[in-house]
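Descriptive analysis of the structure
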Amino acid sequence: MAKIDIMRGWLETVICSARRGQDARLRRALEARSAYKRRQDGCLDSWVSRSHDGQPMFLVQTWYVDESAWRRIAQTMEEALGQQDAFEHLLSGPPLVGAFEGPNHDFSVPRDDA
């Protein structure tokens, strides 16, 4: 396995589906987590997208400056939100999660919701 370049950015990608009738609640939970991440130092951007065909499937992507920022933000989110953030019961199955490296710069457009 190739060594990851620590000078590169870190893109976390999650694909998940909501249980029947739980898509609005799941989206709100995912948006809250995404907003929390955007407020943290080391997170370049985070967003939630719903499937274009109306299925209750969501893509969540978060861009970090590096792997250590991803680990730190994940830890602080767990400590800050804990059980009140639990949303596994809204999922139709386990999410698909991946992490990828890429350019280490900010691609985001300025937002006023962070």
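Calculation notes
- Residues numbered from 1 in each chain as written.
- Predicted model: local features only at pLDDT ≥ 70, side-chain atom pairs only at ≥ 80, totals over all residues.
- Heavy atoms only, no water.
- Helix = DSSP H or I, 4+ residues; strand = E, 2+ residues; numbered from the N terminus.
- Buried < 20%, exposed > 50% of the residue type's maximum accessible area, 1.4 Å probe, protein only.
- Contact = heavy atoms within 4.5 Å.
- Expected span 1.5 Å × (residues − 1).
- Arc of directions from axis to C-beta.
- Axes fitted to C-alpha atoms, helices over the stretch in contact; angles between N-to-C directions.
- Parallel < 35°, antiparallel > 145°, perpendicular 65-115°, else oblique.
- Left-handed = near helix turned anticlockwise from the far one by under 90°.
- Nonpolar A, V, L, I, M, F, W, Y, C, P; charged D, E, K, R; others polar.

1. Quick notes on the overall build of the protein
When its secondary structure is counted, the protein shows two helices and four strands. Here the protein holds 114 residues, and the buried ones make up 33% of them. Within the protein, counting contacts between residues at least 6 apart in sequence, those at least 24 apart form 74% of the total.

2. Concerning helix α2 (residues 67-81)
With 15 residues, α2 extends 21 Å between its outermost C-alpha atoms, agreeing within 8% with the 21 Å of an ideal straight helix rising 1.5 Å per residue. Listed as buried for α2 are Ala69, Ile73, Met77 and Leu81. Angular distribution of buried residues about the axis of α2 spans 65°; they occupy a single face of the element. Exposed positions of α2 whose direction lies more than 90 degrees from the buried face are Glu78 and Glu79. Where α2 is buried, its residues contact α1 (23-38), β2 (43-50) and β3 (57-64).

3. As for the packing of α1 against α2
One can describe the packing of α1 onto α2 by two numbers: an axis separation of 11 Å at closest approach and a directional angle of 125°. On the basis of the axis angle, α1 is oblique to α2. In this structure, α1 meets α2 at a crossing whose hand is right-handed. Seen from α1, the contacting residues are Arg33, Tyr36 and Lys37; seen from α2, they are Ile73, Thr76, Met77 and Ala80. Among the residues making up the contact of α1 with α2, the classes are represented as four nonpolar, one polar and two charged.

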